[in-house]
Amino acid sequence: MTLREARVDHPHASQLLRAFHNEQVDRYGFADPVDLDPDMFSPPNGTFVIAYEQENPVGCGGCHWYDRTTGTVEIKRTFLIAEARGRGFGRALLNRLESQAVGWGAQWAILETGVRNTSALVLFTASGYLPTGQYVPGRDPAINRAFIKPLAPDRQPPHASSARTTTR
């Protein structure tokens with residue numbers, strides 16, 4: 001597997017984001033739009049990475065600054081096609097996004113997933129993510145689960161109200 005940075009409007013990114021959306025609709029009956037702002041997921045604001053196996057796109061994920069004052073990035077749209085799951089690709093993709101965030105000086109990573117996405121829940125908790133309060137207004141607490149992970153040693157979580165102030 002290889003990981004390559006790409007724009008969110010790259011054809012392979014679009015293909016994978018559509019597959020992600022379709023899977024979410026199948027799982028929950030609805031899904032957030034997958035249109036991502038290319039500027040938000042491009043330097044200096046963020047990154048988007050596509051995972052390839054033998055030149056075939058098999059996964060993707062993005063990371064962008066959520067709150068620069070608290071050093072918090074948000075990881076979004078991490079996805080692997082079914083055939084690529086269970087082989088360490090998700091962990092490699094997540095590690096790559098976190099490493100890039102650390103390189104930018106990030107102290108924290110936040111993300112969210114749905115309660116029915118058991119593979120993502122297992123990956124995120126095994127990778128050191130801890131449950132935290134909802135940070136996206138209007139989310140259904142019966143469905144959405146928010147997580148936070150310190151990217152720097154010995155960090156205390158930022159106050160929830162300060163993490164909501166977005167400086168993109």
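Reading the values: rules and limits
- Residues numbered from 1 in each chain as written.
- Predicted model: local features only at pLDDT ≥ 70, side-chain atom pairs only at ≥ 80, totals over all residues.
- Heavy atoms only, no water.
- Core = buried A, V, L, I, M, F, W, Y, C linked by side-chain atoms within 4.5 Å.
- Buried < 20%, exposed > 50% of the residue type's maximum accessible area, 1.4 Å probe, protein only.
- Helix = DSSP H or I, 4+ residues; strand = E, 2+ residues; numbered from the N terminus.
- Contact = heavy atoms within 4.5 Å.
- Arc of directions from axis to C-beta.
- Phe/Tyr/Trp six-rings, centres within 6.5 Å; stacked < 30°, edge-to-face > 60°.
- Expected span 1.5 Å × (residues − 1).
- Salt bridge = Lys/Arg side-chain N within 4 Å of Asp/Glu carboxyl O.

K.L.:
Can you help me understand the nonpolar core in this one?
P.N.:
Note that soluble globular proteins tend to have their nonpolar side chains buried in a common cluster. In this structure, Val73, Ile75, Leu94, Leu111, Phe124 and Tyr129 are the most contacted members of the largest nonpolar core, which totals 25 residues. Of all the secondary structure elements, the ones that give two or more residues to this core are strand E2 (46-53), strand E3 (56-67), strand E4 (72-80), helix H2 (89-104), strand E5 (108-114) and helix H3 (118-126). Once residues within four sequence positions are removed from consideration, Tyr129 is found in contact with Ile75, Leu94, Glu98, Ala109, Leu111, Phe124, Phe147, Ile148 and Lys149. Listed in part, the 15 residues of the second largest apolar core include Ala13, Leu17, Phe41 and Cys60.

K.L.:
I would appreciate a short explanation of H3 in the present structure.
P.N.:
In an α-helix, one full turn covers 3.6 residues, which means residues spaced three or four apart are oriented alike. Among the residues making up H3, those that are buried are Ala120, Leu121, Leu123 and Phe124. All buried residues of H3 lie within an arc of 165 degrees about the axis, which places them on one face of the element. Residues of H3 that are exposed and point more than 90 degrees away from the buried face comprise Thr118, Ser119, Val122 and Ala126. The elements touched by buried residues of H3 are E4, H2, E5 and strand E7 (144-150).

K.L.:
How should the packing of aromatic side chains be read in this particular structure?
P.N.:
Aromatic ring pairs are reported here in terms of the distance separating the ring centres and the angle at which the planes meet. For the coordinates displayed, the defined rule picks out five aromatic pairs. Both rings, one in Tyr28 and one in Phe30, keep their centres 6.4 Å apart while their planes meet at 50 degrees; by these two values the pair is tilted. Residue classification places Phe30 among the partly exposed positions, given a relative accessible area of 47%. Consider the rings of Tyr66 and Tyr135, whose centres lie 5.4 Å apart with planes at 80 degrees: the pair is edge-to-face. Note that Tyr66 is positioned in strand E3 and Tyr135 in the loop between strand E6 (130-132) and E7, a separation of 69 residues in sequence.

K.L.:
Teacher, can you tell me more about helix H1 (residues 11-28) here?
P.N.:
Here H1 spans 26 Å end to end across 18 residues, near enough to the 26 Å set by a 1.5 Å rise per residue. Among the residues of H1, Ala13, Leu16, Leu17, Phe20, Gln24 and Tyr28 are the ones counted as buried. Buried positions in H1, seen along its axis, are confined to an arc of 100 degrees and lie on one side of it. Exposed residues lying more than 90 degrees from the buried face of H1 are Pro11 and Asp26. Those residues of H1 that are buried are in contact with E2, E3, E4 and E5. Two residues or fewer past H1, Gly29 is found with a positive phi of approximately 90 degrees.

K.L.:
What should I look at first to understand the pattern of salt bridges in this one?
P.N.:
Considering all chains together, one arrives at nine salt bridges under this definition. Among the salt bridges present, the one from Arg7 reaches Asp9, with a minimum N-O distance of 3.0 Å. For Glu112, the salt bridge is made with Arg139, and the minimal N-O distance between the two is 2.6 Å. In this pair, Glu112 is assigned in strand E5 and Arg139 in the loop between E6 and E7, connecting sequence segments 27 residues apart.

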